[in-house]
Each structure stands twice: as C-alpha cells, then as structure tokens.
Amino acid sequence: MAIYRSPPTLSPSRQPRGRVERLSSGSEESLGEKICSGEEDDVDEQGRLLGSDHGHVGSTTAEASPVSHRRPWWPLAALSFACVVTIIPLSWLLLSLNLPGRSQTSRLEAALSVPLRRPDEDYVLAPNWNSGASSQVRAYDWIIVDKEGDPDGIRKPMMTINGQFPGPLIEVNEGDVVQVNVRNLASNATAIHWHGIFQNGTNWMDGAVGVTQCPIAPGGSYRYKFNVTGQAGTYFYHGHQGVQALSGLVGPLVVHRRDEATHHAPYSSDRVVLLQDWYYDLDSSLMRDVLSPGVEDAPTPNTALINGVNQANCSNHPSRPCSDADKPFPNLDLTPGQSHRLRFLNVGAFAWFQVAVDEHDYSLQIIEVDSTTVEPIPNSEIVIAPGQRYSAILTTDQINNEAFWLRARMIKTCLASQTLPENGIDEAKAIIRYRTPTERRESDDVLPLPTTFSRFKFLPTCRDMSSMTSFSPSPALPAPAYADHSWYMRVNLAIGDWRLQRGVMNSSSFRPNLKSPTLHRMLDGLAENNESFTKDGILDTAFDPTSELVISHNGVSETVDIVLQNMDENSHPFHLHGTQMWVLGQGHGYFPGYNILDFKDDGKGLLFPESSNVVDNPLRRDTVTAEGFGWVLLRFVADNPGVWLFHCHVAWHSEAGMGMQFVSRTDSMREWKLPEEARRLCDAPEEDLMKGASPKDEEFFGFDKADGQT
C-alpha cells in the first residue's frame, strides 16, 4: 500500500495574494501540472516566483561503534532478501500511481470541504501593499467546481472557484502580469472574462466565448496570462458562458496605480464590496425560460447579496431546502476618525442598486468611476448599474453611534415586477463598526446589530449617475474633437418568429459561434488576405450580419462614435470590451442630433471653437447606460488591436442577442499567430462546448419549413 502525504485542509483564513493560491500542498502536487498553455518556461518562472511549499525528508545517520565480535551472516542475508521482495512490488506500485490525478482529486476534495463563505478579511486590500514594486508575474491556480451552497440560507447548486464564493480577490500593480491557471472540473463549459481589462496584445485572453475563444470544456484547462500596463482601478472577472455569474463564478480584481500613494485622496483602509442580485432557481433553467416563446420579461431576482451574503427567512420558502443557521452579515470594521476607501462593484445579472450608509449624509465622496479617477464629489448614495464600479471615501466621523448599516437596495422600478418572488428581500446589508483592528482582535463578544435607519430616495427610473452628476476625471484627458466614423445603433427587445423575444441592434441579434470564434476566423481570413476580412466597415460577406454584426476599423487610431438609441422601456447598460468610452451626452427621448451638442454633422469636428467644453474632459468609462426610451453618444479610439464585444450587461438581454463586435487595427492583427493552446480549446466536441450555453433558437421552433406542418 502506498503512503503519501495528505494535503492540508483548506481554511477560511485569508490567503496571501500576489502568488499562486494553492488549494493544497504536498509531495504529489507539481507546478508541472498540465495547463493548456504548455509553456515550460512559464511554469519554471512561476515556480521561481512562488518558491516551494513542499516538505523535505531529512536523512538520519548513526555512527557504528567498533565491536569485537563477528555478526552471523544469515540475519543480514534474510534482511536483504526481505528488502528485495518488498521494494520491487512497492516500486512497481509507485510507478503505476497517477500522482497528478491524485493531486487533482485531493484538490477537488479540499474545494468541496472548505466553507463556502469567503471571510470578510479576504476583501480587505493589503495595508502594506507596495505599489512601487518591480513589475512581476502574479500567478494563481484555480479549479472550477460544482458545489451546493446557501449564501442566504436557501440551498442551490453553485459554480465556484476553489470551492468558495465569491471568488478570490486578485490584487496587482499596474504593469504586472496576471497569470491564472484554470482547470474546469465543473459539469458545464466555461470561460473567464476580465471585465474592464484592455487585453492589449492578448485579445485571445479576453474570455468572451464565441468572440475571442472557445469555452473551456468540462475536464479541460486553460492558462490566462495578460499584462495590465496602461490602466489601474477597480475591475472584476466573471464567467462568460451563459449566465454563470448567477451561479457564483464572479470575483474582484484591483490594479494599483504606481503613484497611488500621492494620486488619491488619503485613506487609511481599502476594501471591495460586491453587490449582486441572486436567484434561487438554476441559471440554466431560468435562461431557457426567458428565451422561450412568448416570454417578454426577464426573471425578477429573489434577493440581493453583499459579498455573497444575506439572511433569508426560511418560513417564506417552505418548498425549498433552507437553513436557519446563523449567517452573520458582512462586517466592515473601520477605525473611527479616519477615511476609508470602499470599492463598490455591481457584479449581478439584472438589478440596479442604490447604496448608502445610514446617518452618513453626503459622506460618500466618489473618487473613481469604472477605473477612471475623478475629483471627489460628496454624495449620500450611489446608483450602480450591472457591470459598473464606483469607489468612495467614507469618513468615520459620526458621534451618536458606533455601528451603522451599509445598505444596497435593488431599484425595483427597473424590474419586471415590483414584488420579489416568494416574499424576497430587496435589500442586502453589511455592518460598519467604528473600531480599531486591535479592538477587534481583543474582543470575542457578540456585538449588537445596528439600530440605524435608511433614507433612500425613491427612483422612478434607472439612469447613470453621470447623467445627473458632473464628474471631472483626474488627470484630464480630452476626447478627440473629430470622429472618423459614426455608427447609429437602434437597440431594443423585439418579438420575432415563433414568438421569440430577442435583443436586437439595428436588424442584428448576436449568436456566438462557440466552435469557431470571430477572432479565429478573422486571423485565418487576414492570413489568406481574404478581402471579405480586410475591408473597412461592416464585414457583411465574412459574417452574417443578422447574427454577427461585425464592424471593422483598419486605421492606426481611428476615432469612432456610437449613437445608441434605446427604443425599449428597459435601461440597457452597455459594456465595451478592450477600451474605455468618452460619454459625450445622454438623455431621454430621441437623439437630438450632433448640432444640438455643438458638433458638426456625424461628429466631424466642433461647430464653434468655443464649444470645446464638450470634449475638454468628459467622463471615460467602460459600461454606459442608454436609459429606457433614451439615447447616449459615445466616442472611443479604435487603437487596441483585436475583436471586441459590445453588449448590454444585463445578462438576460445579452444572452438574448443584444450585442455586436468591433474589430480594430487589422494591420497589427495580420502579424498575429493564435497560440496553439487557444486553438486546442476548440478541439473539444461541440456538445461539450455547448454545456451551460444559451439554447439555440432552433430548439424552440415548432414549424417544419420542409412540409409546412406544425
């Protein structure tokens, strides 16, 4: 029988960041584990960065003392024979063992046994972080596992990273390389999108299935490796196959500025606060339901979570597995009399959130919008659409209380129903306590809950804060005054054949090709100098615009305008992969035209030199909302080579087809060679790649065109 060292059990204690997050360590685990990249030098580099956790077996020696008598020979011979007959079978057994497989099994067991809830401390950024450290590779090992979980007491199947929810915080410096080794041990295929990361030069690492990569099939693996040069701020990652973020595949990513110590308003602590809506039913069944014939409304969430936690009332859910076990609210211990940075991220699928801290009127000073640093603006509450992020400085200067509720309330006027299913809870809460880290360490007492009250405003619509508040980016970055291209996009939810409601941009409804992503076809076409792929504008011969609207800009750094005209009652927060957009204007009703905004026709310059304020320093962000029956004018520079998805970040609308793609810098793309590990993902059977994806429209067709029968 083989004897091997068991890996230590995962504990909910905070793990160090900036190196590989290990689920287990032991002699059977190796950094040579097969990740799809297959780059041996990268593995060696990772090993040098991380060092080794492996134990060493020390040898013992004993000096034999001289003896005067001769030992008999037969005991030694018998011992030698016994060793031979024992060692040979044992050696054969050891050689026959699949140690990498055993390592995988032990990691899976550890992930399934670790507590689901991520400790509060995991989302507190390192207080002694060195933002001036030399650029380095920050490497992480993840396994994606299916696991039963009950974030608020209601038990449901989930999809987790290393067995915990939400996912681990990735904390890096501007200029670092992020390397994440993903092994998919879940039952569905997956991919990880790095929301807000530019992926300059690594388009195939963007994680958009059917656009930049094939999914990672069940049992498969892939190494994401990309540089974060030229950007800093608050970001997140999430599953980009179907609506997997609803099952738990989501987590925060923070990139520190090199000059962070002097650039921001001073603060003594820094932490992330994840907000999301939560559904009790399986994401796959919800997705199938919402895409079925005759369905016109997205499903209403059951509840809301802060950092993956809420408290359900089991009496409201008699038909569901529910635990009344105590689930403490997240605790944010803040030293009194100081300023603290709170990074709010809406990582949910559908709901908008109002966020406020009780009894702290105008105490939230917003300093960041979607990774753009802005001059501090005091607010009492923050409104956040899906996919958006805001950082605020909170000063702990109240004298009447020491504990306060931090509230994140879903804006129900933007949901299909004002009443949540099963008497759901529309508000998630966390506790802000005024106490020092020393007081927390020295106290084991159960402290009383806050007794403070909220003063939320009623919001009849869901609109970006930038449509009501003037943010001033710092440092200023003017938008180009002249647009090379202007694209008018009419967006709405429309009912088509077989009563299927789909998201539409102009006359296109996006259907990703999971077996042959757009990027792969573009690179193949450019390599063959196929004119269908090399022309400017809509690539209507290389792709079918009814299901893949692809617009190409071949110049070195062309300026592109997007006029989004929302013909739908729903607000649509649009996210552009690979870059940020200047928000030049937004409002209700029809787009008033460029001239009203002091631009020449089609944005080709300013009407008057004195009108330069419209481009002097507009807000830049990567997720911008076209409000219900409203419009927004966006401008970006197409200087980042690649294929970039532009889509509504409401998961239900995106999966219904509300998306299209931009191609930039085909001159640079001609020189690319797609890494083999990226192509190998597409070798999996299509049946495996489709697991967890949206159902195809054909599955709902009830009409046979061949014989005209229903």
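Residues numbered from 1 in each chain as written. Predicted model: local features only at pLDDT ≥ 70, side-chain atom pairs only at ≥ 80, totals over all residues. Heavy atoms only, no water.

Q: Looking at this model, I keep getting lost on the state of the cysteines. Mind explaining?
A: Covalently bonding the sulfur atom of one cysteine to the sulfur atom of another cysteine gives a disulfide. Under the criterion given, the structure shown has three disulfides. Across a sulfur-sulfur distance of 2.0 Å, Cys 214 and Cys 682 are joined as a disulfide pair. Measuring handedness by torsion sign, the sulfur bridge of Cys 214 and Cys 682 sits at about 100 degrees and is right-handed. Remark: Cys 682 occurs in the loop between α12 (676-680) and α13 (686-689) and Cys 214 occurs in the loop between β5 (192-195) and β6 (221-227); sequence separation between them is 468 residues. A residue is classified by how much of its surface remains accessible, and Cys 214, at 0% relative accessible area, is buried. Using a relative accessible area of 10% as the deciding quantity, one classes Cys 682 as buried. One disulfide bridge connects Cys 314 with Cys 322, the sulfur atoms lying 1.9 Å from each other. Across the disulfide from Cys 314 to Cys 322, rotation about the S-S bond amounts to roughly -75 degrees, and the bridge is consequently left-handed. Counting its disulfide-bonded cysteines in sequence order, the chain shows a connectivity of 1-6, 2-3, 4-5. (Disulfide = S-S within 2.5 Å. Helix = DSSP H or I, 4+ residues; strand = E, 2+ residues; numbered from the N terminus. Buried < 20%, exposed > 50% of the residue type's maximum accessible area, 1.4 Å probe, protein only.)

Q: Please clarify how helix α7 (residues 518-527) should be interpreted in this entry.
A: Residues separated by three or four positions in an α-helix point in the same direction, a consequence of the helix having 3.6 residues per turn. For α7, the tally of buried residues reaches eight of ten residues, placing the bulk of the element in the interior. Buried within α7 are the following residues: Thr 518, Leu 519, His 520, Arg 521, Met 522, Leu 523, Gly 525 and Leu 526. Buried positions along α7 lie against α8 (531-534), β23 (550-553), β30 (642-648), β31 (659-664), α11 (666-669) and α12. Backbone geometry just downstream of α7 places Asn 529 in the positive-phi region, at approximately 55 degrees. (Contact = heavy atoms within 4.5 Å.)

Q: Mind showing me how you'd approach the sheet that holds strand β24 (residues 558-566) here?
A: Pairing between sheet strands relies on hydrogen bonds along the backbone, with the strands arranged either parallel or antiparallel. The strand order β21-β20-β24-β29-β26-β27 describes an open sheet built from six strands, whose pairing is mixed. Every interior strand has two partners, whereas the edge strands, β21 (501-505) and β27 (620-621), have only one. In this sheet, β24 lies alongside strand β20 (residues 485-495) in parallel orientation, the contact comprising seven bridges. Bridge assignment links Met 489 to a residue of β24, and that residue is Leu 564. (Pairing = 2+ DSSP bridges.)

Q: Just to check I follow, could you spell out the environment of Lys 327 for this structure?
A: Assignment of secondary structure puts Lys 327 in the loop between β10 (303-306) and β11 (331-334). Counting along the chain gives 210 residues from Lys 327 to Arg 117, while the straight-line C-alpha distance between them is 9.4 Å. In this view, Lys 327 contacts Arg 117, Asp 150, Pro 151, Asp 152, Gly 153, Val 309, Asn 310 and Gln 311; residues no more than four positions away in its chain are not counted.

Q: Would you explain the nonpolar core in this entry?
A: One recurring pattern in soluble globular proteins is that nonpolar side chains are buried together. In terms of nonpolar packing, the biggest core is built from 83 residues, with Ile 382, Leu 564, Phe 646 and Trp 652 touching the most fellow members. Apart from residues no more than four positions distant in its own chain, Trp 652 is found in contact with Val 243, Leu 246, Tyr 279, Leu 286, Met 287, Val 290, Ala 298, Pro 299 and Phe 350. The next biggest cluster of nonpolar side chains, apart from the first, holds 53 residues, and it includes Tyr 224, Phe 510, Leu 519 and Phe 543. (Core = buried A, V, L, I, M, F, W, Y, C linked by side-chain atoms within 4.5 Å.)

Q: Looking at this structure, how should I read the pattern of salt bridges?
A: If the charged atoms of two oppositely charged side chains come close together, the side chains can form a pair. All chains considered together, the criterion is met by 30 salt bridges. The partner of Asp 259 in a salt bridge is Arg 257, and the shortest N-O contact between them spans 2.9 Å. The class for Asp 259 is partly exposed, based on a relative accessible area of 32%. (Salt bridge = Lys/Arg side-chain N within 4 Å of Asp/Glu carboxyl O.)

Q: What should I look at first to understand the packing of aromatic side chains in this one?
A: Here the structure, examined in full by the defined rule, presents 20 aromatic pairs. Judged by centre distance (5.7 Å) and plane angle (50 degrees), the rings of Trp 194 and Tyr 237 are tilted. Here Trp 194, found in strand β5, pairs with Tyr 237, found in strand β7 (residues 233-239); they are 43 residues apart in sequence, far enough to count as distant. Taken individually, Trp 194 and Tyr 237 each receive the classification buried, so the pair is uniform in this respect. Summarising the aromatic geometry, the rings of Tyr 279 and Trp 652 are spaced 5.6 Å apart at their centres and angled 80 degrees between planes, so their arrangement reads as edge-to-face. You can see Tyr 279 sitting in the loop between β9 (269-278) and α5 (283-290) and its partner Trp 652 sitting in helix α10 (residues 651-655), a full 373 residues away along the chain. Comparing Tyr 279 with Trp 652 shows no difference in burial state: the two are buried. In this structure, Lys 156 packs its charged tip against the face of Trp 278, placed 4.5 Å from the ring centre. Directly above the ring of Trp 405 sits Lys 429, whose terminal nitrogen or CZ lies 4.2 Å from the centroid. (Phe/Tyr/Trp six-rings, centres within 6.5 Å; stacked < 30°, edge-to-face > 60°. Lys NZ or Arg CZ within 6 Å of the ring centre and 35° of its normal.)

Q: Whenever I open this one, α5 confuses me. Can you help?
A: Inspection of α5 places Asp 283, Leu 286, Met 287 and Val 290 among the buried residues, and these make up the whole buried set. One side of α5 holds all its buried residues, which, seen down the axis, span an arc of 100 degrees. Those residues of α5 hidden inside the fold are in contact with α10. (Arc of directions from axis to C-beta.)

Q: Could you clarify how one ought to interpret the sheet that holds strand β8 (residues 250-256) in this entry?
A: Strand order in the open sheet made by the four strands is β3-β8-β7-β5, with mixed pairing throughout. Two strands in the sheet have a free side with no partner beyond their single neighbour: β3 (170-173) and β5. For this sheet, the mean angle separating the axes of adjacent strands, direction not counted, is 20 degrees. As defined by bridge partners, β3 adjoins β8 across four bridges and the pair is classed as parallel. Bridge assignment links Glu 171 to a residue of β8, and that residue is Val 254. (Axes fitted to C-alpha atoms, helices over the stretch in contact; angles between N-to-C directions.)

Q: What am I meant to see in the side chain of Asn 302 here?
A: Here Asn 302 shows up in the loop between α5 and β10. In this view, Asn 302 contacts Trp 278, Tyr 279, Tyr 280, Leu 420, Pro 421, Glu 422, Gly 424 and Ile 425; residues no more than four positions away in its chain are not counted.

Q: Which parts of the structure should I look at to understand the confidence of the model for the chain?
A: Summary statistics for the chain give a mean pLDDT of 87 and a share of 83% for residues scoring 70 or more. A low-confidence stretch, residues 1-16 (pLDDT under 50), is modelled with 37 contacts involving residues beyond four sequence positions or located in other chains. (pLDDT = per-residue confidence, 0-100.)

Q: Sorry if this is basic, but what is going on with the side chain of Ser 247 here?
A: In this structure, Ser 247 sits in the loop between β7 and β8. A distance of 2.9 Å separates polar atoms of two side chains, one belonging to Ser 247 and the other to Asp 283. When near neighbours in sequence (up to four residues on either side) are disregarded, Ser 247 contacts Met 158, Met 159, Trp 278 and Asp 283. (Polar contact = N/O pair within 3.5 Å; in protein donor to acceptor, adjacent residues only side chain to side chain.)

Q: Help me understand the environment of Val 583, please; the structure alone is not making it clear to me.
A: Residue placement: Val 583 occurs in strand β26 (residues 581-588). When its relative accessible area of 12% is taken as the criterion, Val 583 is described as buried. In the structure, Val 583 is positioned 37 residues away from Arg 620 in sequence and 6.3 Å away in space, judged by C-alpha atoms.

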